[in-house]
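Letter by letter, the chains look like this.
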Amino acid sequence: MPLIIKDEYPEKLFREDGKRLDGRDKQELRPIKMEVGVIKNADGSAYLEWGNNKIYAAVYGPREVHPHHLAKPDRGILRVFYRMATFSVFDRKRPAPGRREKEISMIITDCLEPVLFLELYPGTSFEVFIDVMDADGGTRCASTTVAALALADAGVPMRSLVSAVAVGRIDGEIVTDLSGIEDKAGEADLPCAITWFNEELSLLQFDGDMNLKDLDQYLKLAKDALTKIYALQLEALKSKYLTIQNESSGGE
Amino acid sequence: MEEDEEIESEELDEFEDEETSRDLVVPGEVVSEDIEHFLPGRGTILNKERTKIISLNIGLKQIKKNYINVIPLRGFYTPRPGDKVIALVLDKSPVKYVCDINAKDTAILKPKNTVKKTKMRVMRGSSQPRDDSSTDKYEIGDILIVKVISADRLNRPELTTIGKYLGKKVGGIVISIDPPKIPRVIGRNGSMIKNLKNLTNTSIFVTQNGRIWLRGEDMAHERLLIDAIRKIEREAHTVGLTDRMSVYIENEKKKRGIK
């Protein structure tokens with residue numbers, strides 16, 4: 001008889017003092033830590049801690065496409081492999097890529113493609129490997145963010161970075177950056193990503209129920225959060241070089 | 001054996017340029033909004049509304065005449081005709097060698113490009129086999145210094161070993177660094193490479209695909225040089241690197257007890 005632990009969600013997702021269960025305000029992001037150049041053998045890499053999410057991304061390319069029939073004669077291709085580690089969630093995650101992994105890999109590919117100049121690299125592929133070491137809600141947004149960082153670190157020409165965040169509704173209130181429990185017990189969830197060169201949405205998914213009239217409000221809140229994430233991304237990319245610069249000028 | 005060095009043309013000295021500011025830019029960052037006076041150069045692009053110049057790479061901003069360039073700090077090697085590169089023979093068949101030149105495609109070296117043609121007319125009629133039709137000259141695993149004779153986006157690059165400095169390298173060590181940082185190892189008019197050679201008493205051959213061949217009189221000197229090159233690679237975007245490297249090598253020499 002297997003041990004079955006039923007998921008139990010609290011009835012209320014807000015505390016008595018009006019804050020969320022993890023002590024955040026409604027529009028407050030979880031603590032985010034980003035770092036680039038963490039994987040030595042990859043062409044570019046990044047690491048992200050977003051609340052309890054811990055995600056690595058590694059970029060290889062441009063390189064030959066295997067299997068060969070996937071290669072396009074007129075342009076390069078971008079392949080994203082989103083995988084969750086077996087220990088990343090409460091129940092053991094079966095390591096074989098399932099429907100969810102394939103879907104998220106596809107949406108991240110579609111999300112990042114507009115910022116790359118794939119037509120300059122015919123017959124080749126850029127490969128992004130995203131490994132979720134620890135998952136707690138919003139991994140598709142976090143993965144998109146960290147994949148864009150890793151691509152920039154690899155020196156792949158890009159029109160701009162891409163940032164992503166989820167907004168949603170819990171207990172009738174619109175909140176930014178849903179955690180795992182809010183994602184499951186909440187009413188609506190709207191992950192969205194932005195490409196900064198034209199400030200257009202590159203990803204918009206929806207789950208749950210909400211009033212369509214509120215969509216503008218959701219997107220406005222998402223934009224505010226995305227601006228904060230973008231600033232963190234820029235800082236992470238630059239700090240790798242600025243620390244070395246400060247070291248050397250301080251020694252003189 | 002007298003060793004040779006490769007000093008690249010001035011276009012590669014962009015890191016040391018006075019016009020290169022130390023402003024670090026990342027992809028998508030606005031480099032300039034003054035499009036009346038500046039044009040987007042290398043590593044930059046105009047935005048859709050044609051009002052801003054934005055960067056495509058992570059790199060250093062440079063203003064040259066009325067062009068704004070971004071000199072990348074990370075990137076990959078794209079072969080261009082005329083480049084001298086260090087190649088590793090991966091495979092050979094009776095008609096060609098397949099070489100790794102650190103580019104997205106493997107390169108092809110045909111046997112006719114490994115032998116000088118001038119004496120072939122004299123050889124005609126003799127019973128000796130024509131050595132331009134077989135791939136016996138090099139073995140798999142050989143390190144060659146080759147020149148790229150043709151390269152484009154679609155076809156695999158073609159190589160030749162006929163020419164000055166070209167051919168098989170015996171002995172020495174080959175190390176790889178980030179290809180965009182090669183100009184920094186060479187320095188302005190070869191100042192950095194001369195400095196390294198004199199201070200560590202080694203022979204160096206720097207090529208544009210990010211590979212460096214080196215040979216010193218003993219292991220200690222070679223190790224010191226490799227550490228120095230790694231330091232240059234790490235600090236490529238800082239100012240006054242050539243002077244700092246001299247100090248570093250002198251200090252390390254004392255520390256390691258080599259003359």
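Rules behind the numbers
Residues numbered from 1 in each chain as written. Chains lettered and ligands numbered in written order. Predicted model: local features only at pLDDT ≥ 70, side-chain atom pairs only at ≥ 80, totals over all residues. Contact = placed C-beta atoms within 7 Å. Nonpolar A, V, L, I, M, F, W, Y, C, P; charged D, E, K, R; others polar. Core = buried A, V, L, I, M, F, W, Y, C linked by C-beta atoms within 7 Å. Buried ≥ 20, exposed ≤ 12 C-beta atoms within 10 Å, placed from the backbone. Helix = DSSP H or I, 4+ residues; strand = E, 2+ residues; numbered from the N terminus. Expected span 1.5 Å × (residues − 1). Domains from an automatic or database assignment. Pairing = 2+ DSSP bridges. Axes fitted to C-alpha atoms, helices over the stretch in contact; angles between N-to-C directions.

1. A short note on the interface of chain B and chain A
At the interface, 23 residues of chain B touch 26 residues of chain A. Considering only residue class, the side of chain B that touches chain A consists of 10 nonpolar, 6 polar and 7 charged.

2. Overview of the nonpolar core
All names here are of chain A. Ranked by size, the top nonpolar core spans 119 residues in total, and within it A57, A147, A150 and L151 carry the most contacts. Examining the composition of this core, we find that 10 residues originate from one element, helix α4 (residues 215-251), more than from any other. Other than its neighbours up to four places away in sequence, A57 contacts S45, A46, V128, F129, I130, V146, A147 and A150.

3. Some words on helix α2 (residues 139-153) of chain A
Each α-helix turn comprises 3.6 residues. Residues three or four places apart therefore point the same way. Here α2 of chain A is 15 residues long and its end C-alpha atoms lie 21 Å apart, about the 21 Å a rise of 1.5 Å per residue gives. A positive backbone phi angle near 80° is found at G155 of chain A, which sits one or two residues after α2 of chain A.

4. Here's the deal with the environment of G59 of chain B
Residue and element names in this part refer to chain B. Relative to the helices and strands, G59 resides in strand β6 (residues 59-64). Linking G59 and D178, residues 119 residues apart in sequence, is a C-alpha distance of 13 Å. Among residues more than four places away in sequence, those in contact with G59 are V25, G43, V70, I71, P72 and L73.

5. Concerning the domain arrangement of chain B
Once the domains are mapped, chain B shows domain 1 (10-72), domain 2 (84-119 + 130-169) and domain 3 (173-256). Computed over C-alpha atoms, the centres of domain 1 of chain B and domain 3 of chain B are 28 Å apart.

6. A short note on the sheet that holds strand β15 (residues 202-206) of chain B
Residues and elements named next belong to chain B. Taking strand neighbours across the sheet as the criterion, the 3 strands line up as β14-β16-β15 in an open arrangement whose pairing is antiparallel. Of all strands in the sheet, those with a lone pairing partner are β14 (173-176) and β15, marking the two edges. Taking each pair of neighbouring strands and ignoring which way they run, the sheet shows an average axis angle of 25°. Note that β14 and strand β16 (residues 211-216) share 4 bridges and pair antiparallel. Within the sheet, the bridge partner assigned to I173 lies in β16 and is L214.

7. Some points on the sheet that holds strand β3 (residues 53-64) of chain A
Hydrogen bonds between backbone atoms are what pair the strands of a sheet, whose relative direction is either parallel or antiparallel. Residues and elements named next belong to chain A. The mixed open sheet is built from 5 strands, whose spatial order is β1-β2-β3-β5-β4. For this open sheet the edge positions go to β1 (32-36) and β4 (77-84), each flanked by a neighbour on one side alone. With direction set aside, neighbouring strand axes in the sheet form an average angle of 15°. Of the strands in this sheet, β1, β2 (44-50), β3, β4 and β5 (124-134) are in contact with α2, which crosses β2 at around 150°.

8. Quick look at the environment of I54 of chain B
If you trace the backbone, I54 of chain B turns up in strand β5 (residues 53-55). The exposure class of I54 of chain B is buried, given the 22 C-beta atoms found within 10 Å. For the pair I54 of chain B and P27 of chain B, spaced 27 residues apart in the sequence, the C-alpha separation amounts to 7.5 Å. Not counting residues within four places of it along the chain, the set of residues in contact with I54 of chain B comprises F197 of chain A together with G28, E29, V30, V31, T44, I45 and N47 of chain B.

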